[in-house]
Amino acid sequence: MTRSRVAVPRGTLALTRRTNERKLFWTPASAEVHQGWLYALAIAQHEEGLLVHHGVLMGNHAHTLVTPTEATDLGAALRWMHRESARFLQEHLLARGYDAP
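All of these numbers come straight from a predicted model, not from anything done at the bench.

Asks: So, the environment of Arg 17: which residues are in play, and what are the values?
Replies: Mapped onto the elements, Arg 17 comes out in strand β1 (residues 13-18). A relative accessible area of 30% places Arg 17 in the partly exposed class. As for Arg 17 and Thr 64, which are separated by 47 residues in sequence, their C-alpha atoms are 8.5 Å apart. For Arg 17, the side chain forms a polar contact with the side chain of Ser 85, separated by 2.8 Å.

Asks: Mind laying out the packing of helix α1 (residues 31-48) against helix α2 (residues 74-95), listing which residues take part and the relevant values?
Replies: Viewed as axis vectors pointing N to C, α1 and α2 meet at an angle of 155 degrees, and their least axial separation amounts to 8 Å. With respect to their mutual orientation, α1 and α2 come out roughly antiparallel. Crossing geometry of α1 relative to α2 is assigned as right-handed. Across the interface between the two elements, Glu 32, Val 33, Gly 36, Trp 37, Ala 40, Leu 41, Ile 43, Ala 44, Glu 47 and Glu 48 from α1 touch Ala 76, Ala 77, Trp 80, Met 81, Glu 84, Ser 85, Phe 88 and His 92 from α2. Split into classes, the residues belonging to the contact of α1 with α2 amount to eleven nonpolar, three polar and four charged.

Asks: Describe the side chain of His 92, with residues and values.
Replies: By the element assignment, His 92 lies in helix α2. Overall, His 92 belongs to the buried group, its relative accessible area being 9%. When residues no more than four places from it in sequence are discounted, the contact partners of His 92 are Ser 30, Glu 32 and Val 33.

Asks: Kindly report on the sheet that holds β1, identifying the contributing residues and their values.
Replies: Here three strands make up an open sheet; going across it, the order is β1-β3-β2 and the pairing antiparallel. The sheet is open, and its two edges are formed by β1 and β2 (51-57), each paired on a single side. Direction aside, neighbouring strands of the sheet carry axes that sit 20 degrees apart on average. In this structure, β2 lies alongside strand β3 (residues 61-67), joined through six bridges in antiparallel fashion. In the sheet register, Val 56 faces β3, and the bridge partner there is His 63. Against the sheet, α1 makes contact with β2 and β3, and its axis sits at roughly 160 degrees relative to β2, the strand it touches most.

Asks: Please provide a residue-by-residue account of the pattern of salt bridges, values included.
Replies: Counted under the stated rule, the structure contains two salt bridges. The residue Arg 96 makes a salt bridge to Glu 32 at a minimum N-O spacing of 2.4 Å. Placement of Arg 96 in the segment after α2 and of Glu 32 in helix α1 is noted, with a sequence separation of 64 residues between them. When its relative accessible area of 44% is taken as the criterion, Arg 96 is described as partly exposed. Notably, a salt bridge pairs Glu 84 with Arg 87, separated by 3.4 Å at the nearest N-O pair. Residue Glu 84 and its partner Arg 87 are located together in helix α2, separated by three residues, close to a single helical turn. The exposure class assigned to Glu 84 is buried, which follows from its relative accessible area of 16%.

Parameters and conventions
- Residues numbered from 1 in each chain as written.
- Predicted model: local features only at pLDDT ≥ 70, side-chain atom pairs only at ≥ 80, totals over all residues.
- Heavy atoms only, no water.
- Helix = DSSP H or I, 4+ residues; strand = E, 2+ residues; numbered from the N terminus.
- Buried < 20%, exposed > 50% of the residue type's maximum accessible area, 1.4 Å probe, protein only.
- Polar contact = N/O pair within 3.5 Å; in protein donor to acceptor, adjacent residues only side chain to side chain.
- Axes fitted to C-alpha atoms, helices over the stretch in contact; angles between N-to-C directions.
- Parallel < 35°, antiparallel > 145°, perpendicular 65-115°, else oblique.
- Left-handed = near helix turned anticlockwise from the far one by under 90°.
- Contact = heavy atoms within 4.5 Å.
- Nonpolar A, V, L, I, M, F, W, Y, C, P; charged D, E, K, R; others polar.
- Pairing = 2+ DSSP bridges.
- Salt bridge = Lys/Arg side-chain N within 4 Å of Asp/Glu carboxyl O.

Structure (structure tokens):
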């Protein structure tokens, strides 16, 4: 289990998220994969008021630089981001004949 992080309003955080078993699920084989991940970031930003400064998608992990505002529930924002990106990735893989992770 990941340790809790201290989130100060207006304090910038560097977040890293890995895939299950460190498999290369996010290998950007098409622009569609990258767009799906960016969409998940946009959902979290819109729903929770999270300020997203920078994001890098790697084959098996992602780095994101964010700033929570006073109104941001960081846990809820991360749940939005992770849930939407996982849903997209599962649908993307299934549509191309791969098994969902």
